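# Survey of secondary and tertiary structure
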Amino acid sequence: MSIAAQSVVAADNRLGEGVQWCPRTQALYWTDILASTLWRYTPHDGATRQWTMPERLASFALCEADGWLLLGLASQLAFFHLDSGELQPIVDVEPDLLTRVNDGACDRQGRFVFGTMHEPEGDAPKQAIGGFYRLNTDLSLERLPLPSVAISNSLAFSPDGATMYFCDSPTQRIQCCDYAVDGRLGTPRTFVDLAGIEGDPDGSTVDAEGGLWNAQWGMSRVVRYRADGREDTVVPLPARQPTRPALGGAALDTLYITSARDGLPADCVRDEPRNGALFSAPAPAGVHGLAEARFGGSPSLG
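Predicted model only: the values in this text are computed from it and were never measured.

Calculation criteria
Residues numbered from 1 in each chain as written. Predicted model: local features only at pLDDT ≥ 70, side-chain atom pairs only at ≥ 80, totals over all residues. Heavy atoms only, no water. Helix = DSSP H or I, 4+ residues; strand = E, 2+ residues; numbered from the N terminus. Rg over C-alpha atoms; globule rule 2.2 N^0.38 Å. Contact = heavy atoms within 4.5 Å. Areas by Shrake-Rupley, 256 points an atom, 1.4 Å probe, with all protein chains shown as cover. Lys, Arg positive; Asp, Glu negative; His and termini not counted. Charge placed at Lys NZ, Arg CZ, Asp CG, Glu CD. Disulfide = S-S within 2.5 Å. Buried < 20%, exposed > 50% of the residue type's maximum accessible area, 1.4 Å probe, protein only. UniProt positions renumbered as here; feature names shortened; annotations may be inferred. Polar contact = N/O pair within 3.5 Å; in protein donor to acceptor, adjacent residues only side chain to side chain. Pairing = 2+ DSSP bridges. Axes fitted to C-alpha atoms, helices over the stretch in contact; angles between N-to-C directions. Salt bridge = Lys/Arg side-chain N within 4 Å of Asp/Glu carboxyl O.

A separate point is the overall build of the protein chain. Per the secondary structure count, the protein chain includes one helix and 24 strands. The C-alpha atoms of the protein chain give a radius of gyration of 18 Å, which matches the 19 Å a tight globule of 302 residues would have. Here the C-alpha coordinates of the protein chain stretch approximately 45 × 45 × 45 Å along the principal axes. For the protein chain, restricting intrachain contacts to residue pairs at least 6 apart in sequence, the fraction spanning at least 24 positions comes to 47%. When the accessible area of the protein chain is evaluated, it comes to approximately 12,000 Å², of which 47% is carbon and sulfur surface. For the protein chain, the distance from the average position of its 24 positive side-chain charges to the average position of its 38 negative side-chain charges is 2 Å.

Time to look at the state of the cysteines. As used here, a disulfide is simply a covalent bond connecting the sulfur atoms of two cysteines. Summed over all chains, the structure comprises zero disulfides. Between Cys106, a cysteine without a disulfide, and Cys63, which holds the nearest cysteine sulfur, the sulfur-to-sulfur distance is 7.5 Å. Judged by relative accessible area, which is 8%, Cys106 ranks as buried. You can see Cys167 has no disulfide; the closest cysteine sulfur is in Cys176, sitting 12 Å from it.

For the rest of this paragraph, the subject is unusual backbone geometry. For residues that are not glycine, phi is negative in most cases, and the peptide bond is trans in most cases. A positive phi angle is found at Glu94, which is not glycine, with a value near 45 degrees. Mapped onto the secondary structure, Glu94 falls in the loop between strand 9 (87–92) and strand 10 (99–106). The phi angle at Leu139 is positive, at roughly 70 degrees, despite the residue not being glycine. Note on placement: Leu139 falls in the loop between strand 12 (132–135) and strand 13 (141–143).

For the rest of this paragraph, the subject is the UniProt feature "active site" (unreviewed entry) in the protein chain. Sequence positions flagged by UniProt for "active site" (unreviewed entry) are, in local numbering, Asp202. With respect to the helices, strands and loops of the structure, Asp202 is situated in strand 18 (residues 200–206). For Asp202, a relative accessible area of 6% corresponds to the buried category. Apart from residues lying up to four places away in sequence, Asp202 is in contact with Glu17, Asn153, Ser154, Ser169, Asn214, Ala215, Trp217, Pro242 and Thr243.

With that settled, consider the UniProt feature "binding site: substrate" (unreviewed entry) in the protein chain. Look at the UniProt record and you will see "binding site: substrate" (unreviewed entry) annotated at Arg100 and Asn102. By the element assignment, Arg100 lies in strand 10. Ignoring anything within four residues of it in the chain, the contact list for Arg100 reads Leu15, Ile33, Arg56, Ala58, Ala74, Gly115, Thr116, Met117 and Glu119. Side-chain polar atoms of Arg100 contact the side chain of Asn102, separated by 3.0 Å. Its place among the elements puts Asn102 in strand 10. Not counting residues up to four positions away in its chain, the partners in contact with Asn102 are Ala58, Ser59, Gly115, Thr116, Met117, Ile151, Ser152 and Asn153.

The subject of this paragraph is the sheet that holds strand 3 (residues 27–32). As a general point, the strands of a sheet are linked pairwise by backbone hydrogen bonds and lie either parallel or antiparallel. Strand order in the open sheet formed by four strands is 2-3-4-5, and the pairing between neighbours is antiparallel. At either end of the open sheet lies a strand with only one pairing partner, and these are strand 2 (16–22) and strand 5 (47–52). Geometrically, the sheet is characterised by an average inter-axis angle of 20 degrees between neighbouring strands, direction not taken into account.

Turning to the pattern of salt bridges, a few remarks are in order. Think of it this way: side chains of opposite charge can pair up when their charged atoms draw near. Considering all chains together, one arrives at 17 salt bridges under this definition. A salt bridge links Arg230 to Asp228; its shortest N-O distance comes to 2.7 Å. Ionic contacts of the salt-bridge type, sharing partners, join the residues Asp207, Glu209, Arg224, Arg226 and Asp232 into one network.

Now the structure itself:
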């Protein structure tokens, strides 16, 4: 099955990412990582708003506390209050490595799971020196017992929370593992092997049926895989570098997709202006999203 996507916000993002739907505010949030900017879009009136961050914002989570986000900034995790702009630092991440925070998502218990990526000096290739971490609701940080990564991505959880999806993008494999309520992880296994494609797996989301939607960088498409790993639906995009999908809208039946123009040749950026836009497409009939799991830890309200 193939469904068509259209541009809904000409955001011109250098590296749009991290898109999430907030049912409480009926709004879509995402980040332009390289512009250090948080975006919000409200479909009912088409309005957008932007917040400038103190450093690159790689990923984030909605919080149980209204009005707050948990930010995965390049070098640290922090709470951010949308109305006041207050920033509350929590913990530095890999301060002794040439890495930054990258993809992240909350598990069904309200803990933030995220990964890092290598940022080598000059044109050196990225190496698998980063890791995967979990910020618990008591704000303690732990490294997960998973292989080191060059570019963490595709973090998502099955509807029952018992399976965690993740990838190291350059390996072109989306992996998964059993994920216990107490946080214990099973042995990683291959969910989808994409070896040979002209791109890499990027961000993912999971729908209510357990289908995994994956944005495929360099391939101009988002692909839905059933829970058994079989390809089910393809969403072609008029943008070369889709980055992450999310299911939103009042009925959670609209697919939203961020994209990037970073790294594209100048003539491509000029001639293909929808690179870097926010896209939407109707989900297949009967397919609905899940409300995003929210971070359960509390910011200081004093």
